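Single-letter residue listing:
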Amino acid sequence: MAADSYTALVKEIEASQTDTKSADVTRVSRLALRDGAIALAALSIWAAADAWHAASGLPAAALLSVLDGLAVGYGLGLLAHEWGHFAGARWGGGIAPTTKFTQLFPIFLLDMQKSPDRAFKAMSVGGNVAHWTIAALFFLWVPLDAPGRIALGCGAFAFAFGASTTEFPVIRRSFAGATPVESFEGLTGAKLRRNRRIGYAAGALLFALIV
């Protein structure tokens, strides 16, 4: 799940876990079509800016392609992260019903009390595998011969670095035997914001090193 949802999710589960339903609110196929359309639209916007820069060589076009690349890469890293969490939760046998179609994040809620421990572990690992995979694919598949193309991978890297900085301690505590709720211990809004800024800095540094 997206980083900002963690604290709220834990509080919601503790307060109303008995009301959790196992049935999906929205069909998984509908959510997949929605997020697939978002991904395609975002990539099209980035590609248009990249094409403008390639055709014109204008500094303004270069700047726009970089900004689009960073934003799109970051956003697609977030989408991959969320779907990785969802796939892990379902693969691990968890009760993880989907949320409303109009609610972008999170796309599901894991019942931490009724789901087996392996579901939380699989969910946690799945999100991280997904966001690092999308970052790697951008660097492998998109030529690093233009600033906007480099920015695409660096945006995804920025999300992955920040999210993993937040989630690796949670995963470590979970595999050490902590309950799902205990695994979130110490995770505050301030730490989430700090880790997000660390991700931004890591992405910017990588961009500066490659350009």
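Look up: the structure comes first, before these words.
Bear in mind the structure is a predicted one, so any value in this text is a computation, not a measurement.

Draft legend 1. Molecular detail of the pattern of salt bridges. The tally for this structure, following the rule as stated, stands at four salt bridges. Residues Arg34 and Asp35 are paired through a salt bridge, measuring 2.8 Å at the closest nitrogen-oxygen approach. With a closest N to O distance of 2.9 Å, Arg149 and Asp50 form a salt bridge. Of the two residues, Arg149 is situated in helix H5 (residues 147–175) and Asp50 in helix H2 (residues 28–56); the sequence distance between them amounts to 99 residues. When salt bridges with common partners are traced through the structure, they connect Asp50, Asp145 and Arg149 into a single cluster.

Draft legend 2. Examining the packing of helix H4 (residues 117–141) against H5 more closely. One way to put it is that H4 packs onto H5 with a least axis distance of 9 Å and a crossing angle of 160°. In this view, H4 runs roughly antiparallel relative to H5, as classed from their interaxial angle. Classified by chirality, the crossing of H5 by H4 is left-handed. Class assignment for the residues of the contact of H4 with H5 results in 20 nonpolar, six polar and two charged.

Draft legend 3. Region of interest: the environment of Arg194. Relative to the helices and strands, Arg194 is located in helix H7 (residues 189–210). Overall, Arg194 belongs to the partly exposed group, its relative accessible area being 41%. Here the alpha-carbon distance between Arg194 and Ser65, two residues 129 residues apart in the chain, equals 27 Å.

Draft legend 4. Here's a closer look at the nonpolar core. Residues Ala89, Phe108, Leu110, Phe120, Met123 and Phe184 are the most contacted members of the largest nonpolar core, which totals 15 residues. Considering every element that reaches this core, the biggest residue donor is H4, with three residues. In terms of nonpolar packing, the next biggest core, distinct from the first, is built from 11 residues, Ala39, Ala42, Ala135 and Ala156 among them.

Draft legend 5. The arrangement of H5 in detail. Taking 1.5 Å per residue, 29 residues should reach 42 Å; H5 reaches 40 Å between its end C-alpha atoms and fits that length. Helix geometry: H5 is bent most strongly at Thr165, by close to 35°, with proline Pro169 lying one to four residues after it. Downstream of H5 by one or two residues, Gly177 has phi in the positive range, about 115°.

Draft legend 6. Structural context of the packing of aromatic side chains. In this structure the tally under the stated criterion is seven aromatic pairs. Relative to Phe159, the ring of Tyr74 has its centre 5.3 Å away and its plane inclined at 90°; by these criteria the two rings are edge-to-face. Note that Tyr74 is positioned in helix H3 (residues 59–91) and Phe159 in helix H5, a separation of 85 residues in sequence. The partly exposed category is assigned to Tyr74, whose relative accessible area is 22%. Among the aromatic side chains, those forming a connected cluster through ring pairs are Tyr74, Phe159 and Tyr200.

Draft legend 7. Spatial organisation of a nonpolar patch on the surface. Taken together, the side chains of Leu144, Leu205, Leu209 and Ile210 present a nonpolar region at the surface, about 380 Å² in accessible area. Relative to the helices and strands, Leu209 resides in helix H7.

Draft legend 8. Just the packing of H5 against H7, in detail. In the contact formed by H5 and H7, the axes pass within 7 Å of each other and the chain directions differ by 150°. With respect to H7, the element H5 is oriented roughly antiparallel. The two elements H5 and H7 meet at a crossing, and its hand is right-handed. Across from Pro147, Ile150, Ala151, Cys154, Phe157, Ala158, Phe161, Gly162, Thr165 and Thr166 in H5, the residues of H7 making contact are Leu192, Asn195, Ile198, Gly199, Tyr200, Ala202, Gly203, Leu206, Phe207 and Ile210. Residues of the contact of H5 with H7, tallied by class, amount to 14 nonpolar, six polar and no charged.

Cut-offs used in this document
- Residues numbered from 1 in each chain as written.
- Predicted model: local features only at pLDDT ≥ 70, side-chain atom pairs only at ≥ 80, totals over all residues.
- Heavy atoms only, no water.
- Salt bridge = Lys/Arg side-chain N within 4 Å of Asp/Glu carboxyl O.
- Helix = DSSP H or I, 4+ residues; strand = E, 2+ residues; numbered from the N terminus.
- Axes fitted to C-alpha atoms, helices over the stretch in contact; angles between N-to-C directions.
- Parallel < 35°, antiparallel > 145°, perpendicular 65-115°, else oblique.
- Left-handed = near helix turned anticlockwise from the far one by under 90°.
- Nonpolar A, V, L, I, M, F, W, Y, C, P; charged D, E, K, R; others polar.
- Buried < 20%, exposed > 50% of the residue type's maximum accessible area, 1.4 Å probe, protein only.
- Core = buried A, V, L, I, M, F, W, Y, C linked by side-chain atoms within 4.5 Å.
- Expected span 1.5 Å × (residues − 1).
- Bend = angle between axes of the 7 residues up to and from the residue.
- Phe/Tyr/Trp six-rings, centres within 6.5 Å; stacked < 30°, edge-to-face > 60°.
- Patch = residues over 30% accessible without salt bridge, like charges linked within 9 Å, V, L, I, M, F, W, Y side chains within 5 Å.
- Areas by Shrake-Rupley, 256 points an atom, 1.4 Å probe, with all protein chains shown as cover.
- Contact = heavy atoms within 4.5 Å.

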